[in-house]
Amino acid sequence: MSDTLPPNKFGAVIAVASGKGGVGKSTVSVNLACALASLGHKVGLLDADIYGPSQHIMLGLKGQDPVMADEKKFKPIPKHGISVMSFGFFVKPEDAVVWRGPMVSRMFQQLVSDVSWGELDYLVVDLPPGTGDIQLSLAQILSVTGVVIVSTPQDVALADAVKGVSMFRKVNIDILGIIENMSTFVCPHCNHSTDIFSHAGAQNKAKVLEVPFLGEIPLEEQTRKCGDDGIPVVVRDPGAAQSKRFLEIAGKVAAQADEIKKKMPTINIGGPGPEIDKNFSV
């Protein structure tokens, strides 16, 4: 019975968000989660992008079927030292999710409440791009410790990142900081750097918005290959320069989250919960 399962306890909930798609938010999310785990923490990763889940791919979990902890709750799937739940476990790769907002919000709630996460130090939530239903549901369902905003340096991405900061401030969620992803391109042959998407735009915007700047992540081939292979770069090559950047950022995020959560209660989500909808066909 589901009421025999221990309640979910999240020491801190860290949302990873972006104003627009294509800025590498999911890559940052998975490497941040794995970096936190490598620092000795118990970490869960929730892929909250219902329309375009990707963490099951980036963690080498394609084709995995969700396992029931009992008749009402699912078990997250362990991989690379973290506990993972993604809507990608419930749909076929070729299926498009054609749902309206209320259905998406309900599915997100189930991925939080109807999963036996157990006790975690950090739950990292990989949000879809934008400022829509999932973001609002997140603010309503969970007591979020803080959000990390991911942006590329160019103006078109930064304009949407500003909207993301504004949205989370309106729902009283702390901004842990901004990460500038794809800050420069590093040639794998000669190590020359080229600022394809400009440079330092996110760092400058962080100053204007008065939020911490967490660091730069260059665009380089190994990180992409690791994601396609299902082994994040911080797991495959923890000594690489890119991995060290993620580890440094993880340390900053953890330190800020720890300061904020001293003023917040432990986040408990448990009990029987609503009857789960086992028909995930689209």
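Computed from a predicted model, the values in this text were never measured in an experiment.

Quick look at unusual backbone geometry
Across the chain, the bulk of peptide bonds are trans and the bulk of non-glycine residues have phi less than zero.
Then, in step 1: Look at His80: it is not a glycine, yet its phi comes out positive at around 55 degrees.
Then, in step 2: Tracing the backbone shows His80 in the loop between strand S5 (77-79) and strand S6 (82-86).
Then, in step 3: With a relative accessible area of 24%, His80 lands in the partly exposed category.
Then, in step 4: Located in the positive-phi region is Ala200, a residue other than glycine, with phi close to 70 degrees.
Then, in step 5: The topology assignment puts Ala200 in the loop between strand S10 (193-194) and helix H6 (201-209).

What to know about H6
Since one α-helical turn is 3.6 residues long, residues separated by three or four positions face the same way.
Then, in step 1: Turning to H6, its buried residues are Gly201, Ala202, Ala206 and Leu209. One side of H6 carries all its buried residues, which in axial view fall inside an arc of 135 degrees. Away from the buried face of H6 by more than 90 degrees, exposed residues Lys207 and Val208 are located.
Then, in step 2: Against helix H5 (155-170), strand S9 (175-186) and strand S11 (213-219) lie the buried residues of H6.
Then, in step 3: At the exit of H6 stands Glu210, carrying a positive phi of roughly 60 degrees.

Re the side chain of Thr145
Then, in step 1: Topologically, Thr145 is positioned in the loop between helix H4 (133-141) and strand S8 (146-151).
Then, in step 2: Setting aside its immediate chain neighbours within four residues, Thr145 contacts Ala12, Val13, Asp174, Ala257, Ile260, Lys261 and Met264.

Each value, and the rule that gives it
In this convention, every chain numbers its residues from 1, walking through the sequence in written order. In keeping with the model being predicted, local features are shown solely for residues with a pLDDT of at least 70 and side-chain atom pairs are shown and tallied solely at 80 or more, while totals for entire chains, interfaces and linings include all residues. In computing side-chain properties, one takes all heavy atoms of the structure into account and sets aside hydrogens as well as water. Counting from the N terminus, the helices are the DSSP runs of H or I reaching at least four residues and the strands are the DSSP runs of E reaching at least two. Think of it in three bands: with a 1.4 Å probe and only protein chains considered, a residue is buried below 20% of the maximum accessible area for its type, exposed above 50%, and partly exposed in between. By definition, the arc is the one covered by directions from the helix axis to the C-beta atoms. Pairs of residues are marked as contacts when any of their non-hydrogen atoms sit within 4.5 Å.

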